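Listed below, chain by chain, are the residues.
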Amino acid sequence: MSRLLKLGIPKGSLEQATVDLFRKAGWDIRIASRNYFPAIDDDEISCSLIRSQEMSKYVERGTIDVGIAGRDWVVENDSDVEIISDLVYSKVSRRPARWVLVVTNDSPVRKLEDLGGKTISTELVGFTRRYFADRGIDVNVEFSWGATEAKVVEGLCDAIVEVTETGSTIRANNLRIVETLMESTPVILANRQSWQDPWKRCKIEQLHTLLEAALRAEKMVGLKMNVPHDRVEDIIRILPSLNRPTVANLYRSEWVSVETVLHEKEVRCIIPELVRLGAQGVIEYPLTKII
Ligand SMILES: Nc1ncnc2c1ncn2[C@@H]1O[C@H](COP(=O)(O)OP(=O)(O)OP(=O)(O)O)[C@@H](O)[C@H]1O
Ligand SMILES: O=P(O)(O)OC[C@H]1O[C@H](OP(=O)(O)OP(=O)(O)O)[C@H](O)[C@@H]1O
Ligand SMILES: [Mg+2]
């Protein structure tokens, strides 16, 4: 019997970064203009484009089995879903997005308490209300449909709670961060019943393993070299690795082959050192997955 896993891809800010990550993990997802059901090169998966804000609701009720969406919206919706994994990427970087309390540069507000009795505009209304209520600060939280930064500039509110990644929107509007309220990364979230189904769970775990492996491999490279037997200890001492470098014998030789995995930025410092210590035939190669 052929089985199908219903997968939700986040439409909007995380869409392109998610499709790119799937490509690295081994799945080709093709999104045709104005079509909400992307093609995927896996007969066991059917794909839908779903807004990040709504993903957890559809996963909770089982309309889709598994999805990717920002943890922020899962928290906001207070959805009863299985969180399988945090994937640390954003729209343009590999850093978490941050929900920050923001005011204009010339605002007298310096700390959360200064907002008592004031109005805050945000898309994340439930979370913001809970955040201030938990701290005993009475604020008026208004829902914003977007372009939220403009509202604080125009004086339509006293502060905003908005998501930021690079900080460029905040800078461009002459705004100031008072405090970070929450960090958020995309998560893999699954329907609880789907997670209990052995076939679906196995398929979800396949996605989980390969998406994480592709993220982990970014910026990492493999390094391989030949080393005289009596220099191995000196070389191993300076060589970074995920666990321990591999040392293998070379056929009928006094030399050994040493292999390791390290961050690409470490390579430019380490290669001259390796050569100084007697390594030869040093090669660097890209990695696509690390499990
Ligand atoms: N640079 C970024 N800008 C906006 N959202 C980001 C960014 N990086 C990551 N995200 C995440 O993308 C998800 C969706 O963000 P958001 O709610 O702003 O909707 P959107 O996809 O940007 O659509 P819209 O055009 O309505 O803003 C959130 O989980 C958010 O944390
Ligand atoms: O810190 P930065 O890197 O500048 O990113 C933050 C901005 O990105 C998002 O807007 P988005 O692109 O989702 O457009 P939107 O205004 O339609 O939400 C968010 O709402 C901020 O305005
Ligand atoms: Mg947005």
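The name given to the protein chain in an unreviewed UniProt entry is ATP phosphoribosyltransferase, with the source organism recorded as Syntrophotalea acetylenica. Here the protein chain is described in UniProt, under the heading Function (unreviewed entry), as follows: "Catalyzes the condensation of ATP and 5-phosphoribose 1-diphosphate to form N'-(5'-phosphoribosyl)-ATP (PR-ATP). Has a crucial role in the pathway because the rate of histidine biosynthesis seems to be controlled primarily by regulation of HisG enzymatic activity." Regarding the protein chain, the relevant UniProt record gives this comment under Cofactor (unreviewed entry): "Mg(2+)".

(A) Here's a closer look at the site of ligand 2. Neighbouring residues of ligand 2: Ser13, Lys91, Glu149, Glu162, Val163, Thr164, Glu165, Thr166, Gly167, Ser168 and Thr169. Contact distances for ligand 2 include 2.8 Å between an oxygen atom and a backbone N or O atom of glutamate 165. With the chains in place, 66% of the 490 Å² that ligand 2 exposes on its own is no longer accessible. In this structure the site holding ligand 2 corresponds to the largest pocket. The dominant element in the shell around ligand 2, judged by the number of residues it contributes, is strand S10 (residues 159-164), at 3 residues. Counted by class, the shell around ligand 2 contains 1 nonpolar, 6 polar and 4 charged residues.

(B) Structural context of the UniProt feature "domain: Histidine biosynthesis HisG C-terminal" (unreviewed entry) in the protein chain. The sites that carry the UniProt feature "domain: Histidine biosynthesis HisG C-terminal" (unreviewed entry) are, in the present numbering, residues 217-289. Regarding residues 217-289, the helix share stands at 29% and the strand share at 40%, and the terminal C-alpha atoms are separated by 5 Å.

(C) Geometry of the domain arrangement of the protein chain. Segmenting the protein chain into domains produces domain 1 (5-93 + 186-217), domain 2 (97-184) and domain 3 (220-286). Each of domain 1 and domain 3 has a C-alpha centre, and these two points are 38 Å apart.

(D) Just the site of ligand 1, in detail. Around ligand 1 sit 15 residues, and of these Ser13, Arg51, Asp72, Trp73 and Glu165 come closest. One nitrogen or oxygen atom from the side chain of tryptophan 73 is found 3.0 Å from an oxygen atom belonging to ligand 1. Coverage of ligand 1 by the protein chains reaches 77% of its 590 Å² of free accessible surface. Taking a 2 Å distance to the grid points as the criterion, the majority of the atoms of ligand 1 fall inside the largest pocket. In terms of residue class, the shell around ligand 1 is built from 4 nonpolar, 6 polar and 5 charged. Shared between two domains, the shell around ligand 1 holds at least three residues of each, these being domain 1 (5-93 + 186-217) and domain 2 (97-184).

(E) Representation of helix H10 (residues 264-276) in the model. Largest kink in H10: about 40 degrees, centred on isoleucine 270, with the proline proline 272 one to four residues after it. Those residues of H10 lying buried are Val267, Ile270 and Leu274. At its buried positions, H10 is contacted by strand S13 (220-228), helix H9 (232-238), strand S15 (255-263) and strand S16 (280-286).

(F) The arrangement of the nonpolar core in detail. Leu7, Ile9, Phe22, Val66, Leu87, Leu207 and Leu211 are the most contacted members of the largest nonpolar core, which totals 27 residues. Breaking this core down by element, the ones donating at least two residues are strand S1 (5-11), helix H1 (15-25), strand S4 (45-51), strand S5 (66-70), strand S12 (186-190) and helix H8 (198-217). Those residues in contact with valine 66 that sit more than four places away from it in its chain are Leu5, Lys6, Leu7, Gly8, Val59, Ile188, Leu189, Ala190, Ile204 and Leu207. The next biggest cluster of nonpolar side chains, apart from the first, holds 21 residues, and it includes Leu101, Val109, Leu124 and Phe127.

Quick notes on the rules
- Residues numbered from 1 in each chain as written.
- Chains lettered and ligands numbered in written order.
- Predicted model: local features only at pLDDT ≥ 70, side-chain atom pairs only at ≥ 80, totals over all residues.
- Heavy atoms only, no water.
- UniProt positions renumbered as here; feature names shortened; annotations may be inferred.
- Near = heavy atom within 4 Å.
- Polar contact = N/O pair within 3.5 Å; in protein donor to acceptor, adjacent residues only side chain to side chain.
- Areas by Shrake-Rupley, 256 points an atom, 1.4 Å probe, with all protein chains shown as cover.
- 1 Å grid on protein atoms, 1.4 Å probe; cavity = no way out; pocket = protein on both sides within 12 Å on 5 of 7 lines; lining within 4 Å.
- Sits in = over half its atoms within 2 Å of the grid points.
- Helix = DSSP H or I, 4+ residues; strand = E, 2+ residues; numbered from the N terminus.
- Nonpolar A, V, L, I, M, F, W, Y, C, P; charged D, E, K, R; others polar.
- Domains from an automatic or database assignment.
- Bend = angle between axes of the 7 residues up to and from the residue.
- Buried < 20%, exposed > 50% of the residue type's maximum accessible area, 1.4 Å probe, protein only.
- Contact = heavy atoms within 4.5 Å.
- Core = buried A, V, L, I, M, F, W, Y, C linked by side-chain atoms within 4.5 Å.

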